[in-house]
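Commentary on secondary and tertiary structure
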Amino acid sequence: MKLYHFPISPNSRRVVAVLHHLHLDCEIEALDLSKGEQMQADFLKLNPNHMIPTLVDGDFVLWESNAIMQYLCSKAPTNALWSANPRVQADINRWLFWQAAHFGSACSVMIFERVIKKLFMSAEADLQEIAKGEERFHRFAQVLEQHLKGREWIVGDAVTLADFSVGSFLDLAEMAQYPMTPYTEIARWYSNVQQLPAWKSSV
Ligand SMILES: N[C@@H](CCC(=O)N[C@@H](CS)C(=O)NCC(=O)O)C(=O)O
């Protein structure tokens, strides 16, 4: 297998972490998005969205990070990251969709305005966009904060894809200045994710 990624991207870091957690053999190639390497013709044939992460497994090409993580779990059938129990699986899936549709998109506004624009575009952050991103962040962070009370992990008693998926967006919390102060449960839970060997080695 071969995974195309970009090191600073939360979307690709969670996939790399899952690869490491499952000890799967995979070549990892970085595309430099700041140089537009995702627009190369060969890569566009793999992913017409010109986005990383993108996985190639023989003649099978897969994009969308949460789908890639689920596929990787199918390569290591006894793992607990993606339970075989239908209700547990649905619960994990709920958080993957929630990350993609709500929490991650709120974080992405602050990442774009405060990190991407500064590092790669030499542009100023748009304060109105940041205000909208912060409002959305509070709306969804409150849900996660309540959910995490009394829990070590998002679903059940052990780490699952839900933790890798949602946790990947906390990675840039400081750099993108998320308004984290009220969210002590999120900070406590994310420190659990940060202690995972696969998380540490996925940078
Ligand atoms: N929903 C996608 C999002 C992937 C994504 O946003 N990738 C960004 C980097 S974080 C990208 O490759 N952007 C390059 C571009 O849009 O040209 C996933 O979860 O895989």
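Anyway, here's the lowdown on the structure attached to this text. Remember, predicted model here, so these are calculated numbers, not experimental data. (Residues numbered from 1 in each chain as written. Predicted model: local features only at pLDDT ≥ 70, side-chain atom pairs only at ≥ 80, totals over all residues. Heavy atoms only, no water.)

When helices and strands are tallied, the chain shows eight helices and four strands. Counted from the first residue to the last, the chain has its helices and strands arranged as β-α-β-α-β-β-α-α-α-α-α-α. In terms of C-alpha radius of gyration, the chain reaches 17 Å, essentially the compact-globule figure of 17 Å for 203 residues. Taking the principal axes of its C-alpha atoms as reference, the chain extends roughly 45 × 45 × 25 Å. Taking all 203 residues of the chain together, the buried fraction comes to 47%. In the chain, once contacts between residues fewer than 6 apart in sequence are set aside, the share between residues at least 24 apart is 66%. Roughly 10400 Å² of accessible area belongs to the chain as shown, and the carbon and sulfur atoms make up 54% of that amount. Treating the 18 positive side-chain charges of the chain as one cloud and the 23 negative ones as another, the clouds have centres 4 Å apart. (Helix = DSSP H or I, 4+ residues; strand = E, 2+ residues; numbered from the N terminus. Rg over C-alpha atoms; globule rule 2.2 N^0.38 Å. Buried < 20%, exposed > 50% of the residue type's maximum accessible area, 1.4 Å probe, protein only. Contact = heavy atoms within 4.5 Å. Areas by Shrake-Rupley, 256 points an atom, 1.4 Å probe, with all protein chains shown as cover. Lys, Arg positive; Asp, Glu negative; His and termini not counted. Charge placed at Lys NZ, Arg CZ, Asp CG, Glu CD.)

This part takes up helix H1 (residues 10-21). With 12 residues, H1 should reach 16 Å at 1.5 Å per residue; the first-to-last C-alpha distance of 16 Å fits that figure. Within H1, nine of the 12 residues are buried, which leaves it mostly tucked inside the rest of the structure. Turning to H1, its buried residues are Pro10, Ser12, Arg13, Arg14, Val15, Val16, Ala17, Val18 and Leu19. The secondary structure elements touched by the buried residues of H1 are strand S1 (2-5), strand S2 (27-30), helix H3 (65-74), helix H4 (86-121), helix H6 (161-167) and helix H8 (197-200). Two or three places before Asn11, at the start of H1, stands the capping residue Ser9, its side-chain oxygen 3.1 Å from that residue's backbone nitrogen. Phi for His23, located one or two positions after H1, is positive at around 55°. (Expected span 1.5 Å × (residues − 1). Polar contact = N/O pair within 3.5 Å; in protein donor to acceptor, adjacent residues only side chain to side chain.)

Moving on, we come to the side chain of Arg14. Position of Arg14 among the secondary structure elements: in helix H1. As a buried residue without a salt bridge, Arg14 has its nearest oppositely charged side chain in Glu64, at a separation of 6.8 Å. Within the local environment of Arg14, its side chain forms a polar contact with the side chain of Asn11, the two groups lying 2.5 Å apart. There is a polar contact of 3.5 Å between the side chain of Arg14 and the backbone oxygen of Ser165. Ignoring anything within four residues of it in the chain, the contact list for Arg14 reads Ser65, Asn66, Met69, Gln99, Phe164, Ser165, Ser168, Phe169 and Trp199. (Salt bridge = Lys/Arg side-chain N within 4 Å of Asp/Glu carboxyl O.)

Turning our attention to the nonpolar core. Counting 54 residues, the largest nonpolar core has Phe103, Phe137, Tyr178 and Trp189 as its most contacted members. Counting only elements with at least two residues in this core, the list comes to H1, H3, H4, helix H5 (127-148), H6 and helix H7 (184-195). In terms of residue count, the dominant contributor to this core is H4 (10 residues). Looking at which domains feed residues into this core, each of domain 1 (2-74) and domain 2 (86-200) gives three or more. Apart from the residues within four sequence positions on either side, Trp189 is in contact with Leu144, Leu148, Glu152, Trp153, Ile154, Asp163, Val166, Gly167 and Leu170. (Core = buried A, V, L, I, M, F, W, Y, C linked by side-chain atoms within 4.5 Å. Domains from an automatic or database assignment.)

Geometric descriptors of this kind do not, in isolation, establish any biological role.
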